[in-house]
Amino acid sequence: MTIELPDARGRLRTYEPRTEPLAPATGAPFTSRTVFSAAHVVADPYADTTPDSPAAVDWDATLAFRRHLWSHGLGVAEAMDTAQRGMGLDWAGAAELIRRSAAEAKAVGGRIACGVGTDQIASGTLAEVRAAYEEQLALVEESGAQAILMASRALASAAKSPDDYLEVYGHLLRQAAEPVILHWLGPMFDPALEGYWGSSDLDAATDTFLEVIAAHPDKIDGIKVSLLDAGREVALRRRLPQGVRCYTGDDFHYPELIAGDEQGFSHALLGIFDPLGPLAAEAVRVLDTGNTDGFRALLDPTVELSRHLFQAPTRFYKTGVVFLAWLAGHQSHFAMVGGLQSARSLPHLVRAYELADGLGLFPDPKLAEDRMRTLLHLYGVTP
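Only a predicted model underlies this, so the values are computations on that prediction, with no experimental measurement involved. (Residues numbered from 1 in each chain as written. Predicted model: local features only at pLDDT ≥ 70, side-chain atom pairs only at ≥ 80, totals over all residues. Heavy atoms only, no water.)

Some words on the overall build of the chain
Link 1 in the chain: Of the regular secondary structure elements, the chain holds 14 helices and ten strands.
Link 2 in the chain: At 20 Å, the chain has a C-alpha radius of gyration in line with the 21 Å of a compact globule built from 383 residues.
Link 3 in the chain: If one aligns the C-alpha atoms of the chain with their principal axes, the spans along those axes are about 60 × 50 × 40 Å.
Link 4 in the chain: Considering only contacts in the chain between residues 6 or more positions apart, those separated by 24 or more positions represent 70%.
Link 5 in the chain: Carbon together with sulfur atoms contributes 50% to the accessible area of the chain, which is approximately 15,200 Å² in total.
Link 6 in the chain: Counting 33 positive and 50 negative side-chain charges, the chain places the centres of these two groups 2 Å from one another. (Helix = DSSP H or I, 4+ residues; strand = E, 2+ residues; numbered from the N terminus. Rg over C-alpha atoms; globule rule 2.2 N^0.38 Å. Contact = heavy atoms within 4.5 Å. Areas by Shrake-Rupley, 256 points an atom, 1.4 Å probe, with all protein chains shown as cover. Lys, Arg positive; Asp, Glu negative; His and termini not counted. Charge placed at Lys NZ, Arg CZ, Asp CG, Glu CD.)

A few points about the sheet that holds strand β3 (residues 35-38)
Link 1 in the chain: The sheet built from eight strands closes into a barrel, its strands ordered β3-β4-β5-β6-β7-β8-β9-β10 with parallel pairing. Geometrically, the sheet is characterised by an average inter-axis angle of 25 degrees between neighbouring strands, direction not taken into account.
Link 2 in the chain: The strands touched by helix α6 (residues 202-215) are β7 (180-185) and β8 (220-226); relative to β7, the strand with the most contacts, the crossing angle is about 170 degrees. (Pairing = 2+ DSSP bridges. Axes fitted to C-alpha atoms, helices over the stretch in contact; angles between N-to-C directions.)

Brief notes about the environment of E282
Link 1 in the chain: Of note, E282 is situated in helix α9 (residues 273-288).
Link 2 in the chain: Between the alpha carbons of E282 and G27 there is a distance of 8.6 Å; along the sequence they are 255 residues apart.
Link 3 in the chain: Residue contacts for E282: discarding those within four places in its chain leaves P24 and L298.

With respect to the pattern of salt bridges
Link 1 in the chain: A complete count under the given rule lists 20 salt bridges for this structure.
Link 2 in the chain: A salt bridge links R13 to E354, with the shortest nitrogen-to-oxygen separation between them at 2.9 Å. One end of the pair, R13, is in strand β2 (residues 12-15); the other, E354, is in helix α13 (residues 346-359), and 341 residues separate them in sequence.
Link 3 in the chain: Overall, R13 belongs to the partly exposed group, its relative accessible area being 31%.
Link 4 in the chain: Accessibility expressed as a relative area gives 9% for E354, which makes it buried.
Link 5 in the chain: When the shortest N-O distance is used, the salt bridge between E354 and R351 registers 3.7 Å. One end of the pair, E354, and the other, R351, are both in helix α13, three residues apart, so they sit about a helical turn from each other. (Salt bridge = Lys/Arg side-chain N within 4 Å of Asp/Glu carboxyl O. Buried < 20%, exposed > 50% of the residue type's maximum accessible area, 1.4 Å probe, protein only.)

A closer look at the pairing of β7
In the case of a regular strand, side chains alternate between the two sheet surfaces.
Link 1 in the chain: Burial of β7 is extensive: six of the six residues sit out of reach of the surface.
Link 2 in the chain: The alternating pattern of β7 places V180, L182 and W184 and I181, H183 and L185 on opposite faces, both of which are buried.
Link 3 in the chain: Direction of pairing for β7 relative to β8: parallel, over a ladder of six bridges. Residue L182 lies in a different strand from β8, and its bridge partner there is I223.
Link 4 in the chain: Of the crossover connections in this fold, the one passing from β7 over α6 to the parallel β8 is right-handed. (Right-handed = clockwise from strand over helix to strand, strands pointing away.)

Considerations on the environment of A259
Link 1 in the chain: Along the chain, A259 falls in helix α8 (residues 254-259).
Link 2 in the chain: Between the alpha carbons of A259 and V284 there is a distance of 9.3 Å; along the sequence they are 25 residues apart.

Examining the nonpolar core
Link 1 in the chain: Counting residues in hydrophobic clusters, the biggest one holds 119 residues, and the most contacted among them are Y169, L182, Y196, I223, F273, F323 and Y353.
Link 2 in the chain: Here L182 is in contact with L149, Y169, L173, F209, V212, I213, I220, G222, I223 and K224, once residues within four sequence places are set aside.
Link 3 in the chain: If you look at the next biggest cluster of nonpolar residues, it comprises ten residues, including F36, M80, A113 and I148. (Core = buried A, V, L, I, M, F, W, Y, C linked by side-chain atoms within 4.5 Å.)

What about the side chain of R285?
Link 1 in the chain: Mapped onto the secondary structure, R285 falls in helix α9.
Link 2 in the chain: There is a polar contact of 3.0 Å between the side chain of R285 and the backbone oxygen of H72.
Link 3 in the chain: Apart from the residues lying within four places of it in its own chain, the contact partners of R285 are A25, G27, A28, F30, H72 and G73. (Polar contact = N/O pair within 3.5 Å; in protein donor to acceptor, adjacent residues only side chain to side chain.)

Let's talk about α13
Link 1 in the chain: With 14 residues, α13 should cover 20 Å at 1.5 Å per step; its first-to-last C-alpha distance of 20 Å lies within 8% of that length.
Link 2 in the chain: The element α13 is largely enclosed, with a buried count of eleven among its 14 residues.
Link 3 in the chain: Within α13 the residues assigned to the buried category are L346, H348, L349, V350, A352, Y353, E354, L355, A356, D357 and L359.
Link 4 in the chain: Packed against the buried residues of α13 are β1 (3-6), β2, α11 (303-309), α12 (317-327) and α14 (365-378).
Link 5 in the chain: The N-capping residue of α13, defined by a side-chain oxygen 3.2 Å from the backbone nitrogen of H348, is S345.
Link 6 in the chain: Looking one or two residues beyond α13, the residue adopting positive phi is G360, at roughly 75 degrees. (Expected span 1.5 Å × (residues − 1).)

In structure tokens form, the structure reads like this:
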């Protein structure tokens, strides 16, 4: 069987889909790394909504996808930017997602960490930002999940100096019941976070970030760094206090960062592990045996797909993630909250299909091919 795929100029070329998927097995928890996959939400395609409406979520399909990730030994990073936080999913929707997913995690024994932000306010004073963070931190802790202190658009707007970041984060860390994960999300993921930690100079911002960590090492399980700069992450990783983990959020360089070097390694909290879940889990289990070359042999070939999905504008990577979930059969439709399925072009989606198919990511390659044909027909490519 072959399929005719269009390029950016509308020219068709013949592609022969893979017939057999990879078959990674479920298995025991990882021993050498702590690994979270950020997870997307599945929209309710029958809801009568607009892009400005509150998100309508298909809760059954959303929770089923989390059970899929847990079945392969991955932790779930919930209500993060992969779940369209701030891009279709508002705080009310995120709060419900946290409650439901945390309860599901408890029921199946899955690991979960949830995003704590300030998205119930668009802007405000530092006191209002602190209060918004506190409200979300309380909900996450009450749910039984680990907290991830996310970067805040409202704080980026309200803060006038690095001292404001030190004060707000210090206040939150002092009252956190359990060690949290600090998240530094770069402006390529969210332009509103430009200048976070009080400076657009990344060296200065790093110093402030490390000052927060050094003041509260007992309250910080680890840091998630999403700057797409492997060298900077390694340098930051080497400056962390003993016992504070580095969770890579670098969707361009994750194999080398997780594999590490003679001075250390990164754990993982990655959006790309949403579509790569079973394959990523198999690779980490190989790494657990001490076989770094085998780990790289499995994971290195996935980087081309990840770089494609996360290409600029990087914040629209969620569209490709949900598209691949549809092709893989994890959901029955290609619709997204906020109408974000329109955020990537047909040529972009075509290339994502090719790369994912080449990796064997589709449990049923024929289903993926049929759904790809449906999309092409919708776009008028095939009669």
